[in-house]
Amino acid sequence: MAILSSRKAQSDSHHSSGNPRVVDSAPMPEEEIPAREDGLRPRCLDDYIGQTALKQVLGIAVRAALGRREALDHVLLYGPPGLGKTTMALVLAEELGVKCRVTSAPALERPRDIVGLLVNLQPREVLFVDEIHRLTRVAEELLYPAMEDRRLDLTVGRGNSARTRALDLPPFTLVGATTRAGSLSSPLRDRFGLTQRLDFYALEDLQAIVKRAAGLLDLPLTTEACLEIARRCRGTPRIANRLLRRVRDVAAVRGGVKAIDGLLVDEALNLHHVDQRGLDASDRRVLELILDAYGGGPVGLDTLAASLGEDPATLETVVEPFLLQVGFLQRTPRGRIVTQAGRRHLEWEEKK
Ligand code: ADE
């Protein structure tokens, strides 16, 4: 019990829902607007590291569309947050030589929001809609004919005198992004010509991403330091870049750092409680809770979320994918369980 309370106290002190986690894969405010991401995003397919299958499929589709002078077919990108869905939409627009209008479903609540965006599109432009599974019914219904027939069905007038008027739209590409492909209605899902999944990145791709970002930020990172960040960024470029910035802070405050090595990275990441595998206090809290309060599981998602004071959807789409990916957590028909590897990892981290 002493272990439980000290663990809990430690977790609580590091976990505050008001405070963004350094390893949170959701974008932080400064990363939300593409132009302000320190110029670290790749701009073209050649600079985009990893996701080889996705790049190949989209590269072919882009070249074919350019050859036919047509708009690219609508694209649905799905997968955990932080893996580069927005970046890919911007890259596609760049490759197509058109502008990308960026929005997200919660910003399209009123019909006029989506109408405004659609009527202002120029031929072959890209409209990127993040969190597309959150579109309202009305917004979806406006999108169906827009995507399929380039037609906007507007209702003019009210009550008995209400009439629909069809407005022609230019050819355009809708790029939709979601962390929950299963939550999309099937009519919407069916209107995408290309549906592609983004996966967690391989270690060597992450190393290359960190190396590229360090070059752009003019940071003298050793190979070992790149590897250390790559190991601890949860397979997610957005987190890798964020960790790199935290390392840069430590190096800047120390002053006179000629080379940023693995030791300095370790120190900076320990300061933020990011462990050797990239888990932070909230990940450890999930595993510890299952071990301490539910004997290692199985425990249902809703029960777990209630005990953690988290929203089940956030737990499922943001926290769990990485714990499942590293094999520390398993989903079974009866609930979540902590694996042997998960137990060993916690014990090992605790001993340090
Ligand atoms: N920065 C973030 N994601 C990237 C990627 N996939 N390739 C290159 N740089 C990146």
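Look above for the structure.
Residues numbered from 1 in each chain as written. Predicted model: local features only at pLDDT ≥ 70, side-chain atom pairs only at ≥ 80, totals over all residues. Heavy atoms only, no water.

**A look at the overall build of the chain**
Stage number 1. When helices and strands are tallied, the chain shows 15 helices and nine strands.
Stage number 2. Over its C-alpha trace the chain gives a radius of gyration of 23 Å, about what one expects of a compact globule, namely 20 Å for 352 residues.
Stage number 3. Based on the C-alpha atoms only, the size of the chain along its principal axes is roughly 70 × 50 × 30 Å.
Stage number 4. Counting only residues that meet the buried cut, the chain has 46% of its 352 residues in that class.
Stage number 5. Across the chain, every contact between residues at least 6 apart in sequence was considered, and the portion connecting residues at least 24 apart equals 71%.
Stage number 6. By element, 48% of the accessible surface of the chain is carried by carbon and sulfur atoms, the whole surface being about 17,400 Å².
Stage number 7. In the chain, 49 positive and 48 negative side-chain charges are present, and the distance between their average locations comes to 2 Å. (Helix = DSSP H or I, 4+ residues; strand = E, 2+ residues; numbered from the N terminus. Rg over C-alpha atoms; globule rule 2.2 N^0.38 Å. Buried < 20%, exposed > 50% of the residue type's maximum accessible area, 1.4 Å probe, protein only. Contact = heavy atoms within 4.5 Å. Areas by Shrake-Rupley, 256 points an atom, 1.4 Å probe, with all protein chains shown as cover. Lys, Arg positive; Asp, Glu negative; His and termini not counted. Charge placed at Lys NZ, Arg CZ, Asp CG, Glu CD.)

**Considering the nonpolar core**
Inside soluble globular proteins, nonpolar side chains tend to come together where they are buried.
Stage number 1. Ranked by internal contacts, the top residues of the largest apolar core, which has 73 residues, are Leu 72, Met 88, Leu 221, Ile 229, Leu 243 and Leu 244.
Stage number 2. Top element by residues in this core is helix α10 (residues 237-254). It accounts for seven residues.
Stage number 3. What Ile 229 contacts, discounting residues up to four positions off in sequence, is Val 210, Leu 221, Ala 240, Leu 243, Leu 244, Val 247 and Val 265.
Stage number 4. Ala 105, Leu 127, Val 129 and Ala 139 belong to the second-largest nonpolar core, a separate cluster that totals 25 residues. (Core = buried A, V, L, I, M, F, W, Y, C linked by side-chain atoms within 4.5 Å.)

**Examining the pattern of salt bridges**
Stage number 1. All chains considered together, the criterion is met by 19 salt bridges.
Stage number 2. One salt bridge connects Asp 199 with Arg 197, and the closest N-O pair in it is separated by 2.6 Å.
Stage number 3. The exposure class of Asp 199 is partly exposed, given its relative accessible area of 36%.
Stage number 4. Residue classification places Arg 197 among the partly exposed residues on the basis of a relative accessible area of 41%.
Stage number 5. With a closest N to O distance of 3.1 Å, Glu 228 and Arg 231 form a salt bridge. (Salt bridge = Lys/Arg side-chain N within 4 Å of Asp/Glu carboxyl O.)

**Here's the deal with the sheet that holds strand β6 (residues 173-178)**
Stage number 1. The strand order across the open sheet built from five strands is β2-β3-β6-β1-β7, with neighbouring strands paired in parallel fashion. Strands at the two margins of the open sheet, each flanked by one partner only, are β2 (100-104) and β7 (194-197). Strand-to-strand twist across the sheet, computed as the mean angle between neighbouring axes with direction ignored, equals 15 degrees.
Stage number 2. Sitting on the sheet, helix α4 (residues 85-96) is in contact with β1 (75-78), β2, β3 (126-130) and β6, with an inclination near 175 degrees to β3. (Pairing = 2+ DSSP bridges. Axes fitted to C-alpha atoms, helices over the stretch in contact; angles between N-to-C directions.)

**Regarding unusual backbone geometry**
Stage number 1. Gly 297 connects to Pro 298 through a cis peptide bond whose omega is 5 degrees.
Stage number 2. Following the sequence through the fold, Pro 298 ends up in the loop between α12 (281-294) and α13 (301-308).
Stage number 3. Phi angles above zero are rare outside glycine, and Arg 124 is one such case at about 70 degrees.
Stage number 4. Relative to the helices and strands, Arg 124 resides in the loop between α5 (111-119) and β3.

**Observations regarding the packing of α12 against helix α15 (residues 340-351)**
Stage number 1. Between α12 and α15, the least distance of the axes is 11 Å, while the angle of their chain directions is 110 degrees. It follows from the interaxial angle that α12 and α15 lie roughly perpendicular. Crossing geometry of α12 relative to α15 is assigned as left-handed. Contacts from Arg 284, Leu 287, Glu 288 and Leu 291 of α12 reach α15 at Arg 343, Leu 346 and Glu 350.
Stage number 2. Looking at the contact of α12 with α15, its residues break down into three nonpolar, no polar and four charged. (Parallel < 35°, antiparallel > 145°, perpendicular 65-115°, else oblique. Left-handed = near helix turned anticlockwise from the far one by under 90°. Nonpolar A, V, L, I, M, F, W, Y, C, P; charged D, E, K, R; others polar.)

**A word on the site of the ligand**
Stage number 1. Inspection of the region around the ligand gives Leu 40, Pro 42, Asp 47, Tyr 48, Ile 49, Tyr 201, Ile 209, Arg 212, Pro 237 and Asn 241 as its neighbouring residues.
Stage number 2. The contact in question runs from a nitrogen atom of the ligand to an N or O atom on the backbone of Ile 49, over 2.8 Å.
Stage number 3. A distance of 3.2 Å is found between a nitrogen atom of the ligand and a side-chain nitrogen or oxygen belonging to Arg 212.
Stage number 4. Burial of the ligand by the surrounding chains reaches 95%, relative to a free accessible area of 260 Å².
Stage number 5. Elements with a minimum of two residues in the shell around the ligand: α8 (203-216) and α10.
Stage number 6. Along the lines of polarity and charge, the residues of the shell around the ligand split into seven nonpolar, one polar and two charged. (Near = heavy atom within 4 Å. Polar contact = N/O pair within 3.5 Å; in protein donor to acceptor, adjacent residues only side chain to side chain.)

**Side note on the pairing of β6**
Stage number 1. The buried fraction of β6 amounts to six of the six residues, a majority that puts the element mostly inside the structure.
Stage number 2. Burial along β6 is two-sided: Thr 173, Val 175 and Ala 177 facing one way and Leu 174, Gly 176 and Thr 178 facing the other are all buried.
Stage number 3. Bridge analysis of β1 against β6 gives four bridges, and the strand direction is parallel. Bridge pairing in β6 links Val 75 to Val 175.
Stage number 4. Where β3 meets β6, four bridges bridge the pair, whose relative direction is parallel. The partner of Val 126 across the bridge, within β6, is Thr 173.

**Quick look at helix α6 (residues 137-149)**
Stage number 1. Taking 1.5 Å of rise per residue, 13 residues should cover 18 Å, and α6 covers 19 Å from first to last C-alpha, within 8% of that figure.
Stage number 2. Along α6, the residues that are buried comprise Ala 139, Glu 140, Leu 142, Leu 143, Tyr 144, Pro 145, Ala 146 and Met 147.
Stage number 3. Of the residues flanking the end of α6, it is Arg 150, one or two places downstream, whose phi is positive at about 50 degrees. (Expected span 1.5 Å × (residues − 1).)

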